[in-house]
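Here is what each chain is made of, one letter per residue.
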Amino acid sequence: MIFRKSKKNESETAKSSRQVSASPDEEKQPANGPNESGGYFRRLKDQLSKTRKTFSGGFDRIFAGKKGVDDDLLEELEELLIKTDIGVQTALTLMQKISSSKLTDADQIKSLLKDEILSILQPPQPAPPETVPSPRVIMVVGVNGTGKTTTIGKLAAKADASGKKVLIAAADTFRAAAIEQLMIWAERANADIVKHKEMADPAAVAFDAVEAASARGADMVLIDTAGRLHTKVNLMEELKKIKRTISRKIPDAPHEVLLILDATTGQNALSQAQLFNDALGITALALTKLDGTAKGGIVISICNTLKIPLKYIGIGEKIDDLQEFDASQFVDALF
């Protein structure tokens, strides 16, 4: 079933919004760029305060009153890196760089650490495609609770603000609440939405959405998917089926498989990413809830381990708190 904006749909959506309401901040937030007072970087730095306190604050504590670098200090520094959820292997790689540098000054070591982390977060990017597909089909995956549905809504709102015509596919047919939330977001983002009845075939929803988007000249299709426990084989098979079905309509689609991860889950997010990537071939990542964790180092761990581009980070509830990932800004905010 395809929903377009109409008085009837507005009434239905308003009724649903009383059941699945967004935060007051989201209601007030425009879908424009980060032009608030102080700018996005200030908000990023504020929201990463827990991670920065652990990371940069711990670094300063370790070097306080020290005149040189010895084995004990290096061991403390390694423990600090692991504590921020950078991960053992990534921490060891960074420590090898520091040890081989023979640096003894705290500021120089911090500068080296910033440069090495930046190189992990900012790998060489492939050349952009010569032509932009229309519609651009983005299949959004992730376990329940990561902020998948909300991220889809925010992406739709941003695309609408930039003048794109968006269609959302409610292919998580196992959760009625997910469909209701998407209807609310579709209304805000002036987007069409394709939905079937609860427990319908998710692949059929995705196919109908892509077909409708092609017929109506939509620029973007955002496909929500189920997110039951990633350890269940049937979920991965279901997602593979959706991917195959989409490609039957548009051969090179989905053009992006975007995995949503919750930063507060730490190394478990890395495990999820590995499983989803093995099954689907993840092409981009979005990391949400960075404002609620002291272990933001998981960003570094994921990028170093999987070599998958981190495209978006979420640092709050507002629409503009989901932004394209800027590695330089992120590193500056950490220190």
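Everything numeric here is computed off the predicted structure, so don't read it as measured data. (Residues numbered from 1 in each chain as written. Predicted model: local features only at pLDDT ≥ 70, side-chain atom pairs only at ≥ 80, totals over all residues. Heavy atoms only, no water.)

Side note on the overall build of the protein
And step 1. In terms of helices and strands, the protein carries 14 helices and nine strands.
And step 2. In the protein, which comprises 335 residues, the share counted as buried stands at 50%.
And step 3. Within the protein, residue pairs in contact and separated by at least 24 positions form 77% of the contacts whose partners lie at least 6 positions apart.
And step 4. Surface accessibility of the protein: about 15400 Å² in total, with carbon and sulfur atoms responsible for 49%. (Helix = DSSP H or I, 4+ residues; strand = E, 2+ residues; numbered from the N terminus. Buried < 20%, exposed > 50% of the residue type's maximum accessible area, 1.4 Å probe, protein only. Contact = heavy atoms within 4.5 Å. Areas by Shrake-Rupley, 256 points an atom, 1.4 Å probe, with all protein chains shown as cover.)

Re a negative patch on the surface
And step 1. A cluster of acidic side chains, namely Asp70, Asp71, Asp72, Glu75 and Glu79, defines a negative patch on the protein surface.
And step 2. Tracing the backbone shows Asp71 in helix α5 (residues 71–83).
And step 3. Residue classification places Asp71 among the exposed positions, given a relative accessible area of 64%. (Patch = residues over 30% accessible without salt bridge, like charges linked within 9 Å, V, L, I, M, F, W, Y side chains within 5 Å. Salt bridge = Lys/Arg side-chain N within 4 Å of Asp/Glu carboxyl O. Lys, Arg positive; Asp, Glu negative; His and termini not counted. Charge placed at Lys NZ, Arg CZ, Asp CG, Glu CD.)

Observations regarding the pattern of salt bridges
It is possible for side chains bearing opposite charge to pair when their charged atoms get close.
And step 1. All chains considered together, the criterion is met by 13 salt bridges.
And step 2. The closest approach of N and O atoms between Lys241 and Asp201, which form a salt bridge, is 3.3 Å. In this pair, Lys241 sits in helix α11 (residues 233–249) while Asp201 sits in the loop between β4 (192–194) and α10 (202–216), placing the two residues 40 residues apart along the sequence.
And step 3. Glu256 serves as the salt-bridge partner of Lys311, at 2.7 Å between the closest nitrogen and oxygen. Residue Lys311 is found in strand β8 (residues 310–314), and its partner Glu256 is found in strand β6 (residues 256–262); the two are separated by 55 residues along the sequence.

Details of the packing of helix α3 (residues 39–47) against helix α14 (residues 327–334)
And step 1. Where α3 meets α14, the closest approach of the two axes is 9 Å, and the angle between their N-to-C directions is 45°. Classified by the interaxial angle, the pair formed by α3 and α14 is oblique. The handedness of the crossing between α3 and α14 is right-handed. Of α14, the residues touching α3 (which contributes Tyr40, Phe41, Leu44 and Lys45) are Gln329, Phe330, Asp332 and Ala333.
And step 2. The class makeup of the residues in the contact of α3 with α14 is five nonpolar, one polar and two charged. (Axes fitted to C-alpha atoms, helices over the stretch in contact; angles between N-to-C directions. Parallel < 35°, antiparallel > 145°, perpendicular 65-115°, else oblique. Left-handed = near helix turned anticlockwise from the far one by under 90°. Nonpolar A, V, L, I, M, F, W, Y, C, P; charged D, E, K, R; others polar.)

Considerations on the packing of helix α8 (residues 148–161) against helix α9 (residues 176–188)
And step 1. Across the interface, α8 lies against α9 with an axial gap of 9 Å and an inter-helix angle of 15°. Relative to α9, α8 is oriented roughly parallel. Judged by the twist between their axes, the crossing of α8 over α9 is right-handed. Judged by residue contacts, Thr149, Thr150, Ile152, Gly153 and Lys154 of α8 engage Ala178, Gln181, Leu182 and Trp185 from α9.

Observations regarding helix α12 (residues 267–280)
And step 1. When the terminal C-alpha atoms of α12 are compared, their 20 Å separation across 14 residues agrees well with the 20 Å that a helix rising 1.5 Å per residue should span.
And step 2. For α12, the complete set of buried residues consists of Ala269, Leu270, Gln272, Ala273, Phe276 and Leu280. All buried residues of α12 project into a common sector of 160° when viewed along the axis, lining one side.
And step 3. Looking one or two places after α12, you find Gly281, whose phi comes out positive at around 70°. (Expected span 1.5 Å × (residues − 1). Arc of directions from axis to C-beta.)

What to know about the pairing of β6
And step 1. With seven of seven residues buried, β6 lies mostly within the body of the structure.
And step 2. Residues of β6 alternate between two faces, with Glu256, Leu258, Ile260 and Asp262 on one and Val257, Leu259 and Leu261 on the opposite face, all of them buried.
And step 3. Across five bridges, the pairing between β6 and strand β7 (residues 284–288) is parallel. Each residue of the ladder has a partner; that of Leu261, found in β7, is Leu287.
And step 4. Of the crossover connections in this fold, the one passing from β6 over α12 to the parallel β7 is right-handed. (Pairing = 2+ DSSP bridges. Right-handed = clockwise from strand over helix to strand, strands pointing away.)

Structural notes on the packing of aromatic side chains
And step 1. For the structure on display, the rule yields three aromatic pairs.
And step 2. The positively charged end of Arg188 is found above the aromatic ring belonging to Trp185, 4.5 Å away from the centroid. (Phe/Tyr/Trp six-rings, centres within 6.5 Å; stacked < 30°, edge-to-face > 60°. Lys NZ or Arg CZ within 6 Å of the ring centre and 35° of its normal.)

Thoughts on a nonpolar patch on the surface
And step 1. A cluster of nonpolar residues, Ile82, Val88 and Leu92, forms a patch on the protein surface that exposes about 220 Å² of accessible area.
And step 2. Mapped onto the fold, Ile82 is located in helix α5.

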